[in-house]
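Below, each chain spelled out in residue letters.
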Amino acid sequence: MLYKLLFGFFIFFSSFSLSQNIEQIEIEIKTNEINRRLIVEKSVDEVSRKFVKSFLGEDKFNSEKHKIEKNIIKNKNRYILFTKMNKSIEQKDGTYLTKIFIGLSKENLQSLLVEHNLFYTSQGASCVLPVVVFETNLKNKKNNKKYKWWKESFGKEKSLSKNLAKIFYTFLNQEMIKGGFYSFDPIFSRAYESIPKAFLPKGSRTKHFMKLSKFLTCDIILSGVVKISQLQKDSSYLSELSFIVFNIQTKQKLFKFKETLNLTASNNKMNLEQQFKSKLSDVFNSITFQLSFYKNRGTLDLNRMIISVQGPLDYYQKEKFKKYLLQNIPSIKGLQERLLASNKIVYEAEISESVSKLVTDLKKKSKNPYFSIQITGYNKKRLNIYAKER
């Protein structure tokens, strides 16, 4: 099949986002037959490669070609927002010429490159998936609506809750990148339309996010509610934000966040939205700071479990055994005491490998010259050890 790409012109417009631009690329493809799926696929791949090269340069593109194919090109739904194909026109030589319009978000593509440690030389960013309910409590009850991007409760209908969601997700994405994280913007990327329905969450429990998290390669979930209430005495508003941030891969609840924002009295909806945006900066700085705490400790990708140690160890021997575990078992990254008794100590442990790998490493060390170690039982969340000094 012959094909020729003509990159004609670039158009910027912002009807889909408050601050981001969609770049529209016009492409002409010449083929021997009309195959709409293949024509779109070829054009999208070529556009993807062109823009990745513009970010990384020819040399880095060639050296990271396999990684780019696997993690960027195959995830093109993250930055290719739409395609529109005109009717194919037969040419004198028997071939067909087809014009295609592709909508691409350079910002989303950059974020994807950052996420896979391609754009910067520093550590790659961790993906944050926001699953937030927006609701209003207004004097005019008819205008009270809940907005969930994964439900599209009221479709394209305009509402204050959806407008606030647009502001929230756009600003969150911008702030997360500054802190070394990547946040998925579900409204801008038309997630409800582009993500297969089988991957969208049906509830609010952790298990409901598993498929979506895996589909988007996002392990950190920002779940919660943003509620705007209109005060009865005047035209003032309160915005109550309540979030839980957890790592769905390690099943670790990282932290909770609650904040109440006072918005100045105003009957102007635009002014209300601007105030809401202006007060989000401190909120996102706080969330990013707390996420950075876990990232800097290297614990975002660690599993938590309980390690219970029993045996005739005095206080100094227990301290010596704790130090021994941290220095000689590579998968144990942290031990926090939770219970200390005469013949027992319980730790909350952070581990980088599976429990079975941890048990294997401990068994290899069971004949060490310092301690006699015996595994008395274990499961995914708990490991029981009997230990005594030799």
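Helices and strands together make up the secondary structure of the protein chain, namely 11 helices and 16 strands. Of the roughly 20,500 Å² of accessible surface on the protein chain, a fraction of 49% belongs to carbon and sulfur atoms.

Soluble, globular proteins show a tendency: their nonpolar side chains are buried together. Core analysis: the biggest nonpolar cluster contains 55 residues, and Leu129, Phe134, Trp149, Phe168, Phe243, Ile287 and Leu291 have the highest contact counts within it. No other element matches the 9 residues that helix H5 (residues 160-178) contributes to this core. Among residues more than four places away in sequence, those in contact with Phe243 are Val132, Phe168, Leu222, Ser223, Gly224, Val225, Val226, Phe255, Lys256, Phe257 and Ile287.

To continue, consider the environment of Phe209. As for its placement among the helices and strands, Phe209 is situated in the loop between helix H6 (191-194) and helix H7 (210-216). Phe209 sits in the buried class, given a relative accessible area of 2%. With near-sequence residues (within four places) excluded, Phe209 lies in contact with Val131, Pro201, Gly203, Ser204, Ser223, Phe246 and Ile248.

This paragraph deals with the environment of Lys148. With respect to the helices and strands, Lys148 occurs in the loop between strand E7 (146-147) and H5. Taking C-alpha positions, Lys148 is 9.8 Å from Val225, a pair spaced 77 residues apart along the chain.

This part covers the confidence of the model for the protein chain. For the protein chain, per-residue confidence averages 80 on the pLDDT scale, and 87% of positions sit at 70 or higher. For the protein chain, strand E1 (residues 10-13) is the element with the lowest average pLDDT, namely 29, and strand E9 (residues 220-230) is the one with the highest, namely 91. Scored below 50 in pLDDT, residues 1-20 makes 64 contacts in the model with residues more than four places away or belonging to other chains. Here residues 120-124 scores under 50 on pLDDT; set against residues more than four positions off or in separate chains, the count is 9 contacts.

Moving on, we get to the sheet that holds strand E13 (residues 332-341). Reading across the sheet, the 5 strands line up as E13-E14-E12-E16-E15 and stay open at both edges, with mixed pairing between neighbours. One side of each edge strand has no neighbouring strand; the edge strands of this open sheet are E13 and strand E15 (371-378). In this sheet, neighbouring strand axes are inclined to one another by 25 degrees on average, regardless of whether the strands run parallel or antiparallel. Across the sheet, helix H10 (residues 315-328) lies against strand E12 (303-310), E13, strand E14 (344-351), E15 and strand E16 (382-389), angled at about 160 degrees from E13, the strand it touches most. Along the sheet, helix H11 (residues 355-364) contacts E12, E13, E14, E15 and E16; its crossing angle with E15, the most-contacted strand, is approximately 155 degrees.

Consecutive residues of a regular strand have side chains that alternate between opposite faces of the sheet. Judged from the 11 bridges that link them, strand E10 (residues 237-247) and strand E11 (residues 252-263) form a sheet pairing that is antiparallel. Paired with Leu241 across the bridge in E11 is Glu259. Here E10 hands over to E11 after 4 residues, with Lys251 in that stretch at a positive phi of 55 degrees.

For the rest of this paragraph, the subject is the side chain of Gln230. Mapped onto the elements of the fold, Gln230 is located in strand E9. Since its relative accessible area comes to 14%, Gln230 is described here as buried. Within the local environment of Gln230, its side chain forms a polar contact with the side chain of Tyr237, the two groups lying 3.4 Å apart. Contacts of Gln230, omitting those with residues within four sequence positions, involve Asn137, Leu138, Lys139, Ser236 and Tyr237.

Relative to the 30 Å expected for 21 residues at 1.5 Å per residue, helix H1 (residues 36-56) spans 30 Å between its end C-alpha atoms, a close match to the ideal helical length. Within H1, burial applies to Leu38, Ile39, Ser43, Val44, Asp45, Val47, Ser48, Arg49, Phe51, Val52 and Leu56. Of the residues trailing H1, Gly57 is marked for its positive phi of about 90 degrees.

A separate point is the packing of aromatic side chains. The full count for this structure, using the stated rule, is 15 aromatic pairs. Aromatic pair Phe134 and Phe168: ring centres 5.3 Å apart, planes at 70 degrees, arrangement edge-to-face. Here Phe168 lies in helix H5 and Phe134 lies in strand E6 (residues 126-137), a separation of 34 residues in the sequence. The buried category is assigned to Phe134, whose relative accessible area is 1%.

Definitions and cut-offs
- Residues numbered from 1 in each chain as written.
- Predicted model: local features only at pLDDT ≥ 70, side-chain atom pairs only at ≥ 80, totals over all residues.
- Heavy atoms only, no water.
- Helix = DSSP H or I, 4+ residues; strand = E, 2+ residues; numbered from the N terminus.
- Areas by Shrake-Rupley, 256 points an atom, 1.4 Å probe, with all protein chains shown as cover.
- Core = buried A, V, L, I, M, F, W, Y, C linked by side-chain atoms within 4.5 Å.
- Buried < 20%, exposed > 50% of the residue type's maximum accessible area, 1.4 Å probe, protein only.
- Contact = heavy atoms within 4.5 Å.
- pLDDT = per-residue confidence, 0-100.
- Pairing = 2+ DSSP bridges.
- Axes fitted to C-alpha atoms, helices over the stretch in contact; angles between N-to-C directions.
- Polar contact = N/O pair within 3.5 Å; in protein donor to acceptor, adjacent residues only side chain to side chain.
- Expected span 1.5 Å × (residues − 1).
- Phe/Tyr/Trp six-rings, centres within 6.5 Å; stacked < 30°, edge-to-face > 60°.

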